[in-house]
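Working through the structure, step by step
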Amino acid sequence: MADNIQEEIEDKVIDCINSGVNGRLVIFKPEKSLFGADLVVEKRGEYKEKGREAHLKINILAGPAKEEILIKDFQQEGFKADKNFYMLFAYFDEVGQKLGNYIWLVPSLQFKDIAEVAQGFLRFEAPLDFKQKSKYSKFLIETKELGHVILSLIEKSSIKV
């Protein structure tokens, strides 16, 4: 995917995260990430403490979709899973310049456990028809709820045990 399209999509994801959370989150593109994350989300005003952020790897199927399935492969060797690292999968309509109405937000720890493994790759595979069930269906959320979901994840990870 061209860098400018990837950057445009990341900007759309940032807009979706910001929508509805009234500025309670800070979102930035890290210069370097342990996980290969494209975005880092933190709660505004929180003291910088490890574990109080969400690292997002953005995975997009762009186009007018010819396929009816979103498939992304990741090298199994070197895949870093962490409780604060999430895989975000979405469809991006290049003609309408918008993200689909639904996205998958999969915790990397669970992704590593449930992804199909083939020839050294971890595979995400889910139908673009969101009414069809898949093993990733429980991670499907409305795009407009992305900010609320991430805020909730960050707040839950902030609880001291």
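Below: a short report on this structure. (Residues numbered from 1 in each chain as written. Predicted model: local features only at pLDDT ≥ 70, side-chain atom pairs only at ≥ 80, totals over all residues. Heavy atoms only, no water.)

1. Looking at the sheet that holds strand S7 (residues 116-118)
Selection criterion: Strand pairing is assigned whenever DSSP identifies at least 2 bridges connecting the two strands. Working definition: helices are DSSP H or I runs of at least four residues, strands are E runs of at least two. Numbering for both runs from the N terminus. Interaxial angles span 0 to 180 degrees and are taken between N-to-C directions of axes, which are lines fitted to C-alpha atoms, for helices over the stretch in contact.
Taken in spatial order, the three strands make up an open sheet running S4-S8-S7, and their pairing is antiparallel. The open sheet is flanked by strand S4 (69-75) and S7, the only strands paired with a single partner. Between one strand axis and the next, the sheet turns through 30° on average, direction left out of account. As defined by bridge partners, S7 adjoins strand S8 (residues 121-127) across three bridges and the pair is classed as antiparallel. In the sheet register, Val117 faces S8, and the bridge partner there is Leu122.

2. Quick look at the pattern of salt bridges
Test applied: Salt bridge criterion: a side-chain nitrogen from Lys or Arg within 4 Å of a carboxyl oxygen from Asp or Glu. To sort residues, take the accessible area from a 1.4 Å probe on protein chains only and compare it with the maximum for the residue type: under 20% means buried, over 50% means exposed, and anything in between is partly exposed.
Tallied over the full model, the rule gives six salt bridges. Between Glu155 and Lys43 there is a salt bridge, with its nearest N and O atoms 3.0 Å apart. Taken together, the residues Glu155 in helix H3 (residues 146-157) and Lys43 in strand S2 (residues 39-43) connect sequence positions 112 residues apart. Since its relative accessible area comes to 23%, Lys43 is described here as partly exposed. The partner of Arg123 in a salt bridge is Asp73, and the shortest N-O contact between them spans 2.7 Å. Linking Arg123 in strand S8 with Asp73 in strand S4, this pair joins segments that are 50 residues apart in sequence.

3. Concerning unusual backbone geometry
A positive phi angle is found at Gln97, which is not glycine, with a value near 55°. Within the secondary structure, Gln97 sits in the loop between strand S5 (85-93) and strand S6 (98-107). One non-glycine residue with positive phi stands out, namely Gln119, at about 50°.

4. Some details on the packing of aromatic side chains
We apply this condition: Side-chain rings of Phe, Tyr and Trp, where Trp is taken by its six-membered ring, are said to pair if the distance between their centres is within 6.5 Å; with planes under 30 degrees apart they count as stacked, over 60 as edge-to-face, and otherwise as tilted.
Taken as a whole and judged by the stated rule, the model has 13 aromatic pairs. Judged by centre distance (5.0 Å) and plane angle (15°), the rings of Phe35 and Phe85 are stacked. On the criterion of sequence distance, the pair formed by Phe35 in the loop between strand S1 (25-28) and S2 and Phe85 in strand S5 is long-range, its members being 50 residues apart. The same class applies to Phe35 as to Phe85, namely buried. Taken together, a centroid distance of 5.4 Å and an interplanar angle of 55° make the contact between Trp104 and Phe130 tilted. Here Phe130 lies in the loop between S8 and strand S9 (140-142) and Trp104 lies in strand S6, a separation of 26 residues in the sequence. By relative accessible area, Phe130 is classed as partly exposed at 25%. Through a chain of ring-to-ring contacts, the aromatic side chains of Phe35, Phe74, Phe79, Phe85, Phe89, Tyr102, Trp104, Phe111, Phe124, Phe130 and Tyr136 assemble into a single cluster.

5. What to know about the sheet that holds S2
Heads up, the condition is: Whether two residues are in contact is decided by their heavy atoms, any of which lying within 4.5 Å being enough.
Across the sheet, which stays open at both edges, the six strands sit in the order S1-S2-S3-S5-S6-S9 with mixed pairing between neighbours. Looking along the sheet, the strands with just one partner apiece sit at the ends: S1 and S9. Neighbouring strand axes in the sheet, compared pairwise and without regard to direction, differ in orientation by 30° on average. Examined bridge by bridge, S1 and S2 share four bridges and lie antiparallel to one another. Along S2, the bridge assignment pairs Val26 with Glu42. Taken strand by strand, H3 contacts S1, S2, strand S3 (53-63), S5, S6 and S9, and its axis lies near 65° from that of S2.

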